[in-house]
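Summary of structural features
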Amino acid sequence: MRGENAQEGGNTLRVYLDALEKRADKKGNTLRVYLDARKKRARRRKHSMEKVKKKNLFTRWLDGIERVGNALPHPATIFLILTAVLLAVSAICAGAGISATFQTVDTKTGETVEKTVAAVSLLSREGFIHMLTSVVKNFTGFAPLGTVVVSMIGVGVAEGTGLVGAVMQKTVMSAPEKLVTAVLVFIGVMANVAGDVSYVVLIPLGAIVFMGFGKHPLAGLYCGFASVSAGYLGNLVLSTSDPLLAGITQEAARLFDPSYEVLPTATYFFSVASVPMLVVIGTLVTEKIIIPRVGEYHGEGLSMEPLNDRQRKALKLAGLSLLIYVAVILCLLIPHDGILRGENGGIASSPFMSGLIPLMMLFFLIPGIVYGVVAGTVKSDKDVAALVAKSLSGLGGYLLLAFVASQFIDYFSFSNLATIIAISGANGLMKIGFVGLPLMLCFIVISSLINLIMGSASAKWALMAPVFVPLFMQFGISPEFTQCLYRIGDSSTNIITPLMSYFPMIVAFAQKYDKEAGIGTMISMMLPYSLCFLGG
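Residues numbered from 1 in each chain as written. Predicted model: local features only at pLDDT ≥ 70, side-chain atom pairs only at ≥ 80, totals over all residues. Heavy atoms only, no water.

Comments concerning the overall build of the protein chain
To keep it simple, the criterion reads: Only runs of H or I of at least four residues qualify as helices and only runs of E of at least two qualify as strands under DSSP, and these elements are numbered from the N terminus. Residue exposure (1.4 Å probe, protein chains only): buried if accessible area is under 20% of the type maximum, exposed if over 50%, otherwise partly exposed. It only takes one pair of heavy atoms within 4.5 Å for two residues to be counted as in contact.
What the protein chain contains, in helices and strands, is 23 helices and 2 strands. Buried residues in the protein chain amount to 46% of all 536 residues. In the protein chain, the proportion of contacts linking residues at least 24 apart, taken out of those at least 6 apart, comes to 79%.

Now the structure itself:
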């Protein structure tokens with residue numbers, strides 16, 4: 001009995017010792033796991049610190065701008081706040097009798113006239129009635145609104161039927177990746193010939209192209225926006241803005257020399273020479289600054305599977321329909337007495353230029369429908385209507401921004417404060433007495449600053465040309481060169497002002513790929529382009 005008890009006691013002891021050993025091993029494993037986790041956290045913290053240290057001062061500055069900008073209220077709220085501030089400022093300026101007298105060019109008669117504008121109070125009876133009765137007109141007459149809606153009908157169908165995706169897939173599988181950014185910048189620069197429709201078409205397509213190449217679509221969107229805006233500085237062909245600005249320049253030059261003549265091609269060679277520079281700068285900024293900043297894209301990408309036989313056939317027939325459409329347009333445009341020609345056979349002021357937006361809509365709509373029917377993505381007219389409705393339903397956020405922005409811009413114009421600010425700034429620069437290079441640099445800077453509060457290039461030039469063109473001529477600087485300087489300043493800051501008509505639309509496009517994107521994000525991404533284009 002004693003032996004059995006001893007043996008049983010020994011077994012119990014061994015079991016107890018084994019349990020203690022297992023518990024110790026378990027605690028040791030737990031401790032090792034804990035220590036390993038601490039080491040991993042320390043390594044991640046060290047890597048994060050190293051990453052922060054690697055950021056240069058410029059990158060940290062842009063990050064700060066983005067944080068501050070995104071901390072701002074919703075863009076619609078910002079416009080409402082600015083409107084409230086404008087009400088008070090207009091009343092104060094009107095009460096103080098602030099006004100500005102200047103010489104400007106009457107774009108209707110082409111004559112130079114002297115004009116005096118005084119600040120108008122929006123809180124006066126006249127101002128209150130204007131605000132109350134112009135709400136609907138401001139919204140429905142907001143220039144980008146119709147352009148966006150009409151263009152998105154065609155683009156929405158082309159994208160919804162799969163045509164855009166098929167074209168991108170075909171391009172991705174055949175085009176060299178290294179050239180995609182440069183090609184997008186070049187197309188953006190050239191796209192200003194199409195006018196405002198280039199903002200609606202090229203920018204979202206830029207995002208799709210970059211997505212197809214495995215890059216962040218926001219980088220393509222930002223690149224497209226910067227390129228289209230910079231394109232108003234350079235081009236290989238004449239655009240509608242060339243004769244318009246040249247006419248204003250000529251009238252301003254005749255204040256100093258009544259016989260002076262400025263041709264529509266006055267800045268053409270400068271525009272042509274600017275194209276390579278803009279392409280190089282835009283490409284470098286996108287590749288070296290923008291793409292690293294946006295990082296990798298983890299959303300739903302563009303399928304890179306090869307097109308099947310039916311899709312390839314649909315793509316060919318869509319291309320054929322597009323060629324037929326272009327041929328018809330050319331037949332109506334090329335003859336001197338063609339239907340799309342203007343008076344005396346002109347093109348600058350013609351039905352072709354006036355109807356460019358619906359023509360661009362058909363440019364996407366016709367091949368989009370053909371592709372959908374052949375590929376099987378469109379079964380009936382109801383499918384086309386559904387694609388259009390889906391495309392337009394995504395514009396809800398933009399419609400809200402367009403509504404509040406259109407009210408603010410109209411009130412700002414009605415108060416005459418924009419004109420007074422522009423004239424006062426120009427007169428102040430004249431009083432400084434700069435000559436030569438300092439004067440030209442200051443003129444570019446003031447043109448870029450005025451651009452932040454006045455969007456129309458022709459309206460700004462009509463105000464500035466009568467002041468600066470004669471002044472520069474006194475120092476031996478030609479009116480044509482002065483116009484070149486103006487275009488440098490005007491085009492470089494289009495992309496960083498929320499008052500630009502298409503700025504809310506670009507923010508809405510960006511939020512499709514990043515819900516947190518806001519005004520701060522947009523400005524911080526556009527600043528490198530703006531500074532480099534201005535410095536280049």
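Resuming the write-up.
Digging into the nonpolar core
Quick reminder of the rule: We define the nonpolar core as a collection of buried residues of types Ala, Val, Leu, Ile, Met, Phe, Trp, Tyr and Cys that are connected through side-chain atoms lying within 4.5 Å of one another.
Among the nonpolar cores identified, the biggest contains 124 residues, and Tyr222, Phe225 and Met526 are the most heavily contacted of them. With residues near it in sequence (within four places) discarded, Met526 still touches Tyr222, Phe225, Ala226, Ile495 and Ile496. If you look at the next biggest cluster of nonpolar residues, it comprises 6 residues, including Val157, Leu365, Val378 and Val388.

A closer look at a nonpolar patch on the surface
Rules: Two joining distances apply to patches: 9 Å for like charges and 5 Å for nonpolar side chains (Val, Leu, Ile, Met, Phe, Trp, Tyr), and every residue must have over 30% relative accessible area and no salt bridge. In short, Shrake-Rupley with a 1.4 Å probe defines the accessible areas, and a residue's cover is counted only from the protein chains shown. Put simply, a salt bridge is a Lys or Arg side-chain nitrogen that is within 4 Å of an Asp or Glu carboxyl oxygen.
A cluster of nonpolar residues, Leu179, Val183, Phe186, Ile187 and Leu236, forms a patch on the protein surface that exposes about 400 Å² of accessible area. For Leu179, the position within the fold is in the loop between α7 (163-174) and α8 (180-190). The partly exposed category is assigned to Leu179, whose relative accessible area is 48%.

Quick notes on the side chain of Ser530
If you trace the backbone, Ser530 turns up in helix α23 (residues 519-535). Contacts of Ser530, omitting those with residues within four sequence positions, involve Ser492, Thr493, Ile495 and Ile496.

Comments concerning the packing of aromatic side chains
Quick note on the threshold: For Phe, Tyr and Trp, where Trp contributes only its six-membered ring, two rings pair if their centres lie within 6.5 Å, and the inter-plane angle classes them as stacked under 30 degrees, edge-to-face over 60, or tilted in between. Definition used: whenever NZ (Lys) or CZ (Arg) falls within 6 Å of the ring centre and also within 35 degrees of the ring normal, the charge is taken to sit over that ring.
The tally for this structure, following the rule as stated, stands at 6 aromatic pairs. Between Phe363 and Phe364, the aromatic rings sit 5.5 Å apart at their centres with planes inclined by 75 degrees, giving edge-to-face as the arrangement. Pairing Phe408 with Phe412 gives two aromatic rings, centres 5.7 Å apart and planes at 20 degrees, and the pair type is stacked. Taken together, the residues span about one helical turn, with Phe408 and Phe412 both in helix α17 (residues 396-414) at a distance of 4 residues. Just as Phe408 is buried, Phe412 falls in that class too. Joined through ring pairs, the aromatic side chains of Phe79, Phe408 and Phe412 make up one cluster. The residue whose ring lies beneath Lys215 is Phe210, and the NZ or CZ to ring-centre distance is 5.3 Å.

Description of the packing of helix α10 (residues 217-230) against helix α22 (residues 503-510)
Rules: Axis definition: a line fitted to C-alpha atoms, limited for helices to the stretch in contact. Angles are taken between N-to-C directions and run from 0 to 180 degrees. Each angle is binned into one of four classes, with values under 35 degrees roughly parallel, values over 145 roughly antiparallel, values of 65 to 115 roughly perpendicular, and all other values oblique. Helix crossings get a hand from a simple test, with the near helix turned counterclockwise from the far one by less than a right angle marking a left-handed crossing and a clockwise turn marking a right-handed one. Following the grouping adopted for this structure description, the nonpolar residues are Ala, Val, Leu, Ile, Met, Phe, Trp, Tyr, Cys and Pro, the charged ones are Asp, Glu, Lys and Arg, and the polar ones are all others, Gly among them.
One way to put it is that α10 packs onto α22 with a least axis distance of 10 Å and a crossing angle of 165 degrees. One finds that α10 runs roughly antiparallel with respect to α22. Of the two possible hands of crossing, α10 and α22 adopt the one that is right-handed. Between α10 and α22, the residues in contact are Leu218, Leu221, Tyr222 and Phe225 and Phe503, Ile506, Phe509 and Ala510, respectively. For the contact of α10 with α22, the per-class residue count stands at 8 nonpolar, no polar and no charged.

Side note on unusual backbone geometry
For residues other than glycine, phi is negative in most cases, and the peptide bonds are mostly trans. Phi at Asn416 is positive, roughly 70 degrees, even though this residue is not glycine. By secondary structure assignment, the location of Asn416 is in the loop between α17 and α18 (417-432).

A look at α23
Threshold: By this rule the span expected of a helix is its residue count minus one, scaled by 1.5 Å. Here the bend at each residue means the angle between axes fitted to two seven-residue stretches, the one ending at that residue and the one beginning there.
Over its 17 residues, α23 runs 24 Å from end to end, which matches the ideal 24 Å to within 8%, given 1.5 Å per residue. Along α23, the sharpest kink reaches roughly 35 degrees, centred on Met526 and followed within four residues by the proline Pro528. With respect to burial, α23 is a largely interior element, 13 of its 17 residues being buried.

Let's talk about the packing of helix α13 (residues 309-333) against helix α15 (residues 356-375)
Geometrically, a packed helix pair is captured by the angle between its two axes and the distance between the axes. Closest axis-to-axis distance for the α13/α15 pair is 8 Å, and the angle between their directions is 150 degrees. The orientation of α13 with respect to α15, classified from their angle, is roughly antiparallel. Between α13 and α15 lies a crossing whose hand is right-handed. Judged by residue contacts, Arg310, Gln311, Lys313, Ala314, Leu315, Leu317, Ala318, Ser321, Leu322, Tyr325, Val326 and Ile329 of α13 engage Leu359, Leu362, Phe363, Ile366, Pro367, Val370, Tyr371, Val373, Val374 and Ala375 from α15.

Regarding the side chain of Ser271
Structurally, the position occupied by Ser271 is in helix α12 (residues 268-294). A relative accessible area of 6% means that Ser271 is categorised as buried. Leave out the neighbours within four places in its chain, and Ser271 touches Leu233, Gly234, Asn235 and Arg487.

A look at the environment of Met526
Structurally, Met526 is set in helix α23. C-alpha of Met526 to C-alpha of Ser492: the two residues are 34 residues apart in sequence and 9.9 Å apart in space.

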